[in-house]
Amino acid sequence: KDPFSFYRYEPDYKTEKDWVYGEAYRCESEAAEYLQTWKELRDEIRELTTGAGPIWTRLEIESYNTLLQSAQNSVLACQLMRLEFEDAIRRGDHRQAYESWMSQMGIVRSIEYEPFERSQSIHLRILETCLADLKLAIELDVLDERQLEAVLPQVKSCDGFGQKYRLMVAGERAMSL
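Residues numbered from 1 in each chain as written. Predicted model: local features only at pLDDT ≥ 70, side-chain atom pairs only at ≥ 80, totals over all residues. Heavy atoms only, no water.

Description of the overall build of the chain
Under the convention used in this document: Comment: elements are numbered from the N terminus, with helices defined as DSSP H or I runs of at least four residues and strands as E runs of at least two. Only protein chains enter the accessibility calculation, which uses a 1.4 Å probe; a residue whose area is less than 20% of its type maximum is buried, one above 50% is exposed, and one in between is partly exposed. In this analysis, two residues are considered to be in contact whenever any of their non-hydrogen atoms come within 4.5 Å of each other. The method behind every accessible area is Shrake-Rupley, applied with a 1.4 Å probe, and residues are considered shielded solely by the protein chains displayed.
The number of helices and strands found in the chain is 8 helices and 0 strands. Ordered by position from the N terminus, the helices and strands of the chain form the series α-α-α-α-α-α-α-α. Taking all 177 residues of the chain together, 41% fall into the buried category. Summarising the internal contacts of the chain: among those between residues at least 6 apart in sequence, 74% fall at separations of at least 24. If you sum the accessible surface of the chain, you get close to 10,300 Å²; carbon and sulfur atoms cover 54% of it.

Written as structure tokens, this is what we have:
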């Protein structure tokens, strides 16, 4: 069963006519229950990813599926933190929204130099959602000056796609050997 099914079918909260920032929303109780179920995991993700940079680890590649599983785990972790972010935005919990966004960005940063095409594709996909969430937080004036100052270096670090793609090409060539 899709763990986010209760959430995916709600209309886009940015265009809902009856939803007001900081007030309860249709699936708030389901989101709260789901987030509570995964509280320990969310805390661990936040601890590991807040302010993270690229992570280099040894990876034993048994097949192409090894790469897919690793990349998929990043997507799932980012989806969980994004749900936490969106729930915090809707409830008006600015501190939680900021911490959730920083965790999302940490996940993005942790795979930014993965030397494979699939990993870079996932990196760009979760970076796009992370930047969309930042845009929403700025539009809703969720972040204070101190938080914005902490966010800026994270966003600036997204530059330098050339080096990432050189590594990706080298990684893909190595996989074909």
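Additional details are given in the paragraphs that follow.
Side note on unusual backbone geometry
A positive phi angle is found at Asp141, which is not glycine, with a value near 55°. Structurally, Asp141 is set in the loop between helix 6 (117-139) and helix 7 (145-156).

Digging into the pattern of salt bridges
In plain terms, the rule: Salt bridges are identified by distance alone: a Lys or Arg side-chain nitrogen within 4 Å of an Asp or Glu carboxyl oxygen.
Across all of its chains, the model carries 11 salt bridges by this definition. Notably, a salt bridge pairs Arg82 with Asp133, separated by 2.9 Å at the nearest N-O pair. Residue Arg82 is found in helix 4 (residues 64-91), and its partner Asp133 is found in helix 6; the two are separated by 51 residues along the sequence. Residue Asp93 is joined to Arg91 by a salt bridge in which the shortest nitrogen-to-oxygen separation is 3.7 Å. The exposure class assigned to Asp93 is partly exposed, which follows from its relative accessible area of 22%. A residue is classified by how much of its surface remains accessible, and Arg91, at 35% relative accessible area, is partly exposed.

Focus: the nonpolar core
We apply this condition: The criterion is simple. A nonpolar core is a set of buried Ala, Val, Leu, Ile, Met, Phe, Trp, Tyr and Cys residues joined through side-chain atoms within 4.5 Å.
Counting residues in hydrophobic clusters, the biggest one holds 32 residues, and the most contacted among them are Phe85, Trp101, Met105, Ile107, Ile126, Leu143 and Val151. Within the residue set of this core, elements represented by two or more residues are helix 2 (28-37), helix 4, helix 5 (94-110) and helix 6. Counting residues per element, this core draws most heavily on helix 4, which supplies 10 residues. Ignoring any residue separated from it by four or fewer positions in sequence, one finds Met105 in contact with Leu127, Cys130, Gln154, Val155 and Cys158.

Digging into the environment of Ala77
Mapped onto the elements of the fold, Ala77 is located in helix 4. What makes Ala77 buried here is its relative accessible area of 17%. In this structure the C-alpha to C-alpha distance between Ala77 and Leu41, which are 36 residues apart in sequence, comes to 9.0 Å. Here Ala77 is in contact with Ile45 and Ile107, once residues within four sequence places are set aside.

As for helix 6
Formally: A helix's residues, less one, multiplied by 1.5 Å, set its expected span.
The terminal C-alpha atoms of helix 6, which comprises 23 residues, lie 33 Å apart, in line with the 33 Å expected from a rise of 1.5 Å per residue. At the C-terminal side of helix 6, Asp141 shows a positive phi close to 55°.

Details of the environment of Ser119
With respect to the helices and strands, Ser119 occurs in helix 6. Distance in space between the C-alpha atoms of Ser119 and Ser74 is 9.4 Å, their sequence separation being 45 residues. With near-sequence residues (within four places) excluded, Ser119 lies in contact with Ile111 and Glu114.

Comments concerning helix 5
The end-to-end C-alpha distance of helix 5 is 24 Å, a good match for the 24 Å that 17 residues give at a rise of 1.5 Å each. With respect to burial, helix 5 is a largely interior element, 14 of its 17 residues being buried.

Looking at the side chain of Arg46
To be explicit about the condition: What qualifies as a polar contact is a pair of N or O atoms within 3.5 Å, subject to a donor-acceptor requirement within protein and to the restriction that residues adjacent in sequence count only when both atoms come from side chains.
Mapped onto the elements, Arg46 comes out in helix 3 (residues 39-49). Note on Arg46: relative accessible area 13%, which makes it buried. In this structure the side chain of Arg46 is engaged in a polar contact, spanning 3.0 Å, whose partner is the side chain of Asp43. Apart from the residues within four sequence positions on either side, Arg46 is in contact with Met81, Glu84, Gln96, Glu99, Ser100 and Ser103.

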